[in-house]
Amino acid sequence: MTDLRLFDTYTRSVRAFKPLEDNQVRLYACGLTVYDYAHIGNLRTYIFEDLLRRTLEFNGYTVNHVMNITDVGHLVSDADTGEDKMEKSAQKMGKTAWEIAEYYTQAFIQDFARLNIKMPTVLCRATDHIQEQIDFIRCIEKNGYTYATSDGIYFDTSRLSDYGYLARLDVEGLQAGSRIELGEKKHPTDFALWKFSPKDQQRQMEWDSPWGKGFPGWHIECSAMSVKYLGSFFDIHCGGEDHIPVHHTNEIAQTEACYATHLANFWMHGYFLQLDEAKMAKSAGGFIRLQTLIDKGYDPLAYRFFTMNALYRAKLNFTWEGLDAAAKSFDRLRLMAYRWGAPGSVDEGFVDQFREQINDDLNFPRALAVTWELTRSALPDSTKKATLLVFDQVLGLGLADWQPPEQVIPDEILALAESRTKMRQEKRWAEADALRDQIIAAGYEIEDTPQGPRIKSR
RNA sequence: GGCGACGUGGCCAAGUGGUAAGGCAAGGGUCUGCAAAACCCUGAUCACGGGUUCAAAUCCCGUCGUCGCCUCCA
């Protein structure tokens, strides 16, 4: 039995993981901003978090998994510039910001189901927690970390001596090489806690607050909701690598200002999926969603499998060739498992090897190598099946229920196959092969088995 | 301009001091009337140049290349 070890961005080291309390793991994951569909890069991070959760559960822990949905629009920068993404998307679609948020939230939940990602225990929307956010800001204000400008209430990052520790930010360097306009902010790293609604226009999403009508800054929702559901210091906080320098850094700043903790015992980050060596961004074209893959005939779980062939802590390059390779090997694996039949007894030796790999900071590439070793082993099929199903509690590939899709083979193809069988029985090989060529030309392939020919579409 | 990461066989990707997991593709073989499927086998000295060490893909320095962050972003 190997202990679970996880990489913690805060300390930049792999550390032994133990829950802060009993066998309960309190896990917070940053969710999606629902102004558009999730792309497969976003989804890579949620698959990583699902694998983390399942690994924790495999180790016997109960996981309280909280994820936020960012359904408040935010400006493109903390300064008073740019457009609001929610409101812009609403305008484009001819719907309200609220309808947009709901629509994309549902789409997001559907993607989770299709990827076999377990639903978080709590899925919380920022707009359902405005009061909690206001209370949190008041706490920060009371402790003297805020200042007001003409457009909002800001966090004064210079008040924290270790601001930016998570990202190892070089605050001086940021000031020197700064590309951002300061506006009324005192320091480049200061950020908005509450933004005022523009005086000349009515926002669709705005609320009253002690400071005036407006809406919360982006970072405060995660601090307020994680504290509400998990307490001011919990086990693991995760998100995408892009959150390290800004979002998570600011969440920590807010929590330090109010509760004097750095919020989570472990900070974990999923690394980017890249598209042909370039970033996949909603704003920069190159936007592939799960539905795009499905439309091209891929099983969503093949994408899940694809991401598991790389470490969560390394960038992964997406190519169609790479996805094909994953889809093909995944199909082989589950067809093999299907043909193994009913599960028998579990081989604990293989389970130990598997556990050793996933407990080593979620080394799924290695865990899959163990899986392939299992398939090649001399164990009885029923043992392989039972053992693989244990692995699948973590892999989440739906191997227990999967069966080959029912294929309707057209009568004319069946007729051709039948004639071919007859020809073969009469050893009229040339004619039999001609019939096979016809079947292949029609888009089917034929395998001769002891039980007779097996036909499937290609 | 500042900060950081990465560069492993045809492709994807593990391994971070003791002579390179795994998957896909390719080649060879077994099986087959021939195929297909399945199974077996084969292949990389780790971007380049120096250095440290008995020993380096793995540590240090330099060069080249790619990418990310610094602005909402998984």
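The rules behind these values
- Residues numbered from 1 in each chain as written.
- Chains lettered and ligands numbered in written order.
- Predicted model: local features only at pLDDT ≥ 70, side-chain atom pairs only at ≥ 80, totals over all residues.
- Heavy atoms only, no water.
- Pairing = 2+ DSSP bridges.
- Helix = DSSP H or I, 4+ residues; strand = E, 2+ residues; numbered from the N terminus.
- Buried < 20%, exposed > 50% of the residue type's maximum accessible area, 1.4 Å probe, protein only.
- Contact = heavy atoms within 4.5 Å.
- Phe/Tyr/Trp six-rings, centres within 6.5 Å; stacked < 30°, edge-to-face > 60°.
- Lys NZ or Arg CZ within 6 Å of the ring centre and 35° of its normal.
- Domains from an automatic or database assignment.
- Buried area = accessible area lost by both parts, 1.4 Å probe.
- Salt bridge = Lys/Arg side-chain N within 4 Å of Asp/Glu carboxyl O.
- Polar contact = N/O pair within 3.5 Å; in protein donor to acceptor, adjacent residues only side chain to side chain.
- Nonpolar A, V, L, I, M, F, W, Y, C, P; charged D, E, K, R; others polar.
- Expected span 1.5 Å × (residues − 1).
- Axes fitted to C-alpha atoms, helices over the stretch in contact; angles between N-to-C directions.

Novice: A description of the pairing of strand β2 (residues 13-16) should follow, citing residues and the corresponding values.
Specialist: Successive side chains on a regular strand alternate, one facing one side of the sheet and the next facing the other. In terms of strand pairing, strand β1 (residues 5-8) meets β2 through four bridges, oriented antiparallel. Paired with Phe7 across the bridge in β2 is Val14. Two successive antiparallel strands, β1 and β2, enclose a turn made up of four residues, where Arg12 displays a positive phi of approximately 55°.

Novice: Before we move on, can you summarise the environment of Leu374 with the specific residues and values?
Specialist: In this fold, Leu374 is placed in helix α12 (residues 364-376). Look at Leu374 and you get buried, because its relative accessible area is 0%. Sequence separation between Leu374 and Lys384 is ten residues; the distance between their C-alpha atoms is 6.6 Å. Here Leu374 is in contact with Phe350, Leu379, Lys384, Thr387, Leu388 and Phe391, once residues within four sequence places are set aside.

Novice: An account of the packing of aromatic side chains is requested, with residue identities and associated values reported.
Specialist: Pairs of aromatic rings are described using the distance from one ring centre to the other and the angle between the two planes. Taken as a whole and assessed by the stated rule, the structure comprises 25 aromatic pairs. On the basis of an interplanar angle of 70° and a centroid distance of 5.9 Å, the ring pair of Tyr37 and Tyr103 is categorised as edge-to-face. Taken as a pair, Tyr37 in the loop between β3 (24-29) and α1 (40-58) and Tyr103 in helix α3 (residues 97-114) lie far apart in primary sequence, 66 residues in all. Here the aromatic rings of Phe58 and Phe354 are separated by 6.2 Å at their centres, their planes lie at 75°, and the arrangement is edge-to-face. Pair noted here: Phe58 is in helix α1 and Phe354 is in helix α11 (residues 348-358), with a separation of 296 residues, a long-range link. Using a relative accessible area of 16% as the deciding quantity, one classes Phe58 as buried. Grouping aromatic residues by their ring pairs yields a cluster made of Tyr298, Tyr303, Phe306, Phe318 and Trp320. Sitting above the plane of the Tyr103 ring, Lys95 keeps its charged end 5.2 Å from the centroid.

Novice: Any chance you could break down the domain arrangement of chain A for me, citing the residues and the numbers?
Specialist: Split by domain assignment, chain A resolves into domain 1 (5-270), domain 2 (297-395) and domain 3 (411-457). Summarising the inter-unit geometry, the C-alpha centres of domain 1 and domain 2 are found 33 Å apart. Domain 1 puts 24 residues into the contact, and the matching count from domain 2 is 27 residues. Between domain 1 and domain 2, the buried area comes to about 2100 Å², and carbon and sulfur atoms account for 62% of it. Along the contact surface separating domain 1 from domain 2 lie one salt bridge. Here Arg304 makes a salt bridge to Asp50, at a shortest N to O gap of 2.8 Å. Inspection of the domain 1/domain 2 interface yields eleven residue pairs in polar contact (both at pLDDT 80 or more). Those elements that provide at least two residues to the side of domain 1 that touches domain 2 are β1, α1 and β11 (264-270). When grouped by side-chain class, the residues that make up the side of domain 1 that touches domain 2 number 13 nonpolar, six polar and five charged.

Novice: Describe the side chain of Gln357, naming the residues involved and giving the relevant values.
Specialist: Counting through the fold element by element, Gln357 comes out in helix α11. The class for Gln357 is buried, based on a relative accessible area of 18%. In contact with Gln357, not counting residues within four places along its chain, are Leu362, Asn363, Arg366, Ala367 and Val370.

Novice: Summarise the pairing of strand β7 (residues 152-155); cite the residues concerned and give the values.
Specialist: With four bridges connecting them, strand β6 (residues 146-149) and β7 associate as antiparallel partners. From the neighbouring strand, Tyr147 faces β7, where its bridge partner is Tyr154. Counted along the chain from β6 to the antiparallel partner β7, the turn is two residues long. Relative to strand β8 (residues 191-196), β7 runs antiparallel, the two being bridged by four bridges. Residue pairing in the sheet places Tyr154 in a bridge with Ala192 of β8.

Novice: I'd like a rundown of α12, residues and numbers included.
Specialist: When the terminal C-alpha atoms of α12 are compared, their 18 Å separation across 13 residues agrees well with the 18 Å that a helix rising 1.5 Å per residue should span. Of the residues making up α12, those classed as buried are Phe364, Ala367, Leu368, Val370, Thr371, Trp372, Leu374 and Thr375. Taken together, the buried residues of α12 touch α1, α9 (300-308), α10 (320-339), α11 and α13 (381-395). Two or three places before Arg366, at the opening of α12, Asn363 has a side-chain oxygen 3.0 Å from that residue's backbone nitrogen.

Novice: I'd like a description of the sheet that holds β11, backed by residues and values.
Specialist: If you trace the five strands from one edge of the open sheet to the other, you get β5-β4-β3-β10-β11, paired in parallel fashion. Because the sheet does not close on itself, it has two edges, and the strands there are β5 (122-125) and β11. Between one strand and the next, the sheet's axes are offset by a mean angle of 20°, whatever the strand orientation.

Novice: Requested: an account of the pattern of salt bridges, with residues and values cited.
Specialist: What the rule picks out here adds up to 22 salt bridges. Across the salt bridge formed by Asp433 and Arg436, the nearest N and O atoms sit 3.4 Å from each other. Of this pair, Asp433 and Arg436 both sit in helix α15 (residues 429-441), three residues apart, roughly one helical turn. Residue classification places Asp433 among the partly exposed residues on the basis of a relative accessible area of 33%. Beyond isolated ion pairs, a larger network of salt bridges with shared partners links Glu445, Glu447, Arg454 and Lys456.

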